[in-house]
Amino acid sequence: MSNATALRLFNTLTKTKDDFAPIDAKNVRLYVCGPTVYDFAHIGNARPVIVFDVLFRLLRHTYGDAHVTYVRNITDVDDKINERAAQRGISIRELTEETARIYEEDVAALGNLPPSVTPRATEHIAQMIAMIEQLIAAGHAYAAQGHVLFNVSSKSDYGKLSRRSVDEMLTGARVEVAPYKQNAMDFVLWKPSEASLPGWDSPWGRGRPGWHIECSAMAGQYLGETFDIHGGGIDLQFPHHENEIAQSEGAHHGHPLAKLWMHNGFLQVEGEKMSKSAGNFFTIRDLLADWPGEVLRFNMLRTHYRQPIDFTFAGLKESWKTLERWYEVTEPLVDPAPDGEFFAALADDLNTPAAIASLHQADEMALAGGLGFLGFSNVQLKIASKAKVDTVAIADAIAARNAARKAKDFQESDRIRDEWLAKGIVFKDGPQGTTWEIKK
Ligand code: AMP
Ligand code: ZN
């Protein structure tokens, strides 16, 4: 462990900013709720990915790269997925595979490291069934008409994360009343599937899991009963995270799910909620066609993660200008240690705007080190500024080349490499996968 400034993080559960002390400094454990893969991710979805990537980097810097486990799941069973696949006339598998691939390319183009584990819900059904059985045995869940429901009244502290009583939830939320529910707030752990929908055999008949149990089961599988940090957007606090807590504690003799809960604020566009009907809905992919990923990333980090972000095109232009100015004075962004102010700001509840402000004053080496630490490479932007290079097309080419290599079609993989080399882009293969840079 390095002697970095003590890390202080705001805990949504206690509403206090506390010194961070890992349960096991040899294995610091972080879980972040990932995407439901039915459509392109939007720029709001990019926010938790970028924020928790910075946290992942900071934890690795503090405890060592080999001592941090970051799990971000993929929800590939969900009613929205079933509906969209039917609408498009493709199989569920085709839809989830395509969407997950696009998601991975998009978040890579935004400069994020891959998490340590990216588990898929459909590959963890057995763990979900086992957890539901534990909940029934512990008196926290009941089966009725092919469904299994969590009995909210069985857990006296239900509501502790969002600090609402069950009565308040009942008046505030649209709860589905159903004949198989004992109480209106009880939520679904398992539900029956008709033959045309994805389903798995279970003690309660052929069915599929509810959304909340997926995260509890996958977190338990990779991080154990109690881990250090659980993250996600503020909208997930209730009901999703409240229900994750109820399930995991209920199945694990009351042991807490996570010691620390972190939630990022919401992103709005030009002061308004993003919506397709208002015409202000932007996918990451749309934006990457016009803006280098680094500019989108930098723009996000200029606001503290707990504040709301107002995403504007004027702000993006400013971000591009600042990065361009900085890149004029810095060469490839490699290791040099940034100065104390930069890390002190990050260690203070991930204060990225203060860390960025310290870079305005920093000497060239500290500036380069700070930018490199935050996940900037300066390559994309230099290319994009000189000649318009489509970073998405490069990501697609890398994916196609990897597929060819996997299929042992080396003629094709070399052809792709040479095609891009002729355009001045060098592919570099390393332990983290393939990256690219401008030919020098
Ligand atoms: P979803 O696919 O809707 O479950 O969202 C995936 C992640 O993106 C969750 O952590 C959400 O909290 C987060 N998220 C969704 N919309 C926004 C937004 N407008 N601003 C910030 N985070 C968001
Ligand atoms: Zn979750």
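See the structure printed just above.
Residues numbered from 1 in each chain as written. Chains lettered and ligands numbered in written order. Predicted model: local features only at pLDDT ≥ 70, side-chain atom pairs only at ≥ 80, totals over all residues. Heavy atoms only, no water.

**Student:** Could you give me a rundown of helix 13 (residues 364-373), with the residues and numbers involved?
**Tutor:** The buried count for helix 13 comes to eight of ten residues, which makes it a mostly enclosed element. Lining the buried residues of helix 13 we find helix 1 (43-63), helix 10 (313-329), helix 11 (340-347) and helix 12 (352-361). Gly-375 lies just past helix 13 and shows a positive phi near 100°. (Buried < 20%, exposed > 50% of the residue type's maximum accessible area, 1.4 Å probe, protein only. Helix = DSSP H or I, 4+ residues; strand = E, 2+ residues; numbered from the N terminus. Contact = heavy atoms within 4.5 Å.)

**Student:** Could you give me a rundown of the site of ligand 1, with the residues and numbers involved?
**Tutor:** Taken together, 13 residues lie near ligand 1, and Gly-44, Asn-45, Gly-233, Asp-235 and Leu-267 sit nearest. Measuring from an oxygen atom of ligand 1, one finds a side-chain N or O atom of Asp-235 at 2.4 Å. Protein chains bury 84% of the 490 Å² of accessible surface belonging to ligand 1 in isolation. Among the elements of the structure, helix 1 and strand 9 (227-233) are those that each provide at least two residues to the shell around ligand 1. Among the elements that take part in the shell around ligand 1, helix 1 stands out by supplying three residues, more than any other. Of the residues contributing to the shell around ligand 1, the split by class is four nonpolar, eight polar and one charged. (Near = heavy atom within 4 Å. Polar contact = N/O pair within 3.5 Å; in protein donor to acceptor, adjacent residues only side chain to side chain. Areas by Shrake-Rupley, 256 points an atom, 1.4 Å probe, with all protein chains shown as cover. Nonpolar A, V, L, I, M, F, W, Y, C, P; charged D, E, K, R; others polar.)

**Student:** Residue-level account of the coordination of the zinc ion (ligand 2), with values.
**Tutor:** Within the first shell, the zinc ion (ligand 2) binds the protein through Cys-33 (SG), Cys-215 (SG), His-240 (NE2) and Glu-244 (OE), at distances of 2.1 to 2.3 Å. Here the zinc ion (ligand 2) is ringed by four donor atoms whose angles at the metal span 79 to 128°, and the overall shape comes out irregular. (Donors = N, O, S within 2.8 Å, 3.2 Å for Na, K, Ca; no water. Tetrahedral: all angles 85-135°; square planar, octahedral: opposite > 155°, others 65-115°.)

**Student:** Mind laying out the packing of helix 2 (residues 79-88) against helix 3 (residues 92-109), listing which residues take part and the relevant values?
**Tutor:** Interhelical geometry of helix 2 versus helix 3 gives an angle of 105° and a closest axis separation of 9 Å. Here helix 2 is positioned roughly perpendicular relative to helix 3, judged by the angle of their axes. Together, Ile-81, Asn-82, Arg-84, Ala-85 and Arg-88 of helix 2 and Ile-92, Leu-95, Thr-96 and Glu-98 of helix 3 make up the contact between the two elements. Its residues assigned to classes, the contact of helix 2 with helix 3 comprises four nonpolar, two polar and three charged. (Axes fitted to C-alpha atoms, helices over the stretch in contact; angles between N-to-C directions. Parallel < 35°, antiparallel > 145°, perpendicular 65-115°, else oblique.)

**Student:** Kindly report on empty space enclosed by the protein, identifying the contributing residues and their values.
**Tutor:** It is a probe the size of a water molecule, rolled over the atoms, that shows where empty space is left. Summed over all chains, the structure comprises three cavities of 30 Å³ or more. By volume, the largest cavity amounts to about 60 Å³. As for the largest cavity, its lining consists of Arg-47, Ile-50, Val-51, Val-54, Met-300, Leu-301, Thr-303, His-304, Tyr-305, Leu-350 and Thr-352. When residues in the lining of the largest cavity are grouped by element, the largest group, four residues, is from helix 1. Looking at the lining of the largest cavity, its residues break down into seven nonpolar, three polar and one charged. Built from parts of two domains, the lining of the largest cavity gets at least three residues from each of domain 1 (18-267) and domain 2 (288-438). (1 Å grid on protein atoms, 1.4 Å probe; cavity = no way out; pocket = protein on both sides within 12 Å on 5 of 7 lines; lining within 4 Å. Points joined across faces, edges and corners; volume = space filled by probe spheres on them. Domains from an automatic or database assignment.)

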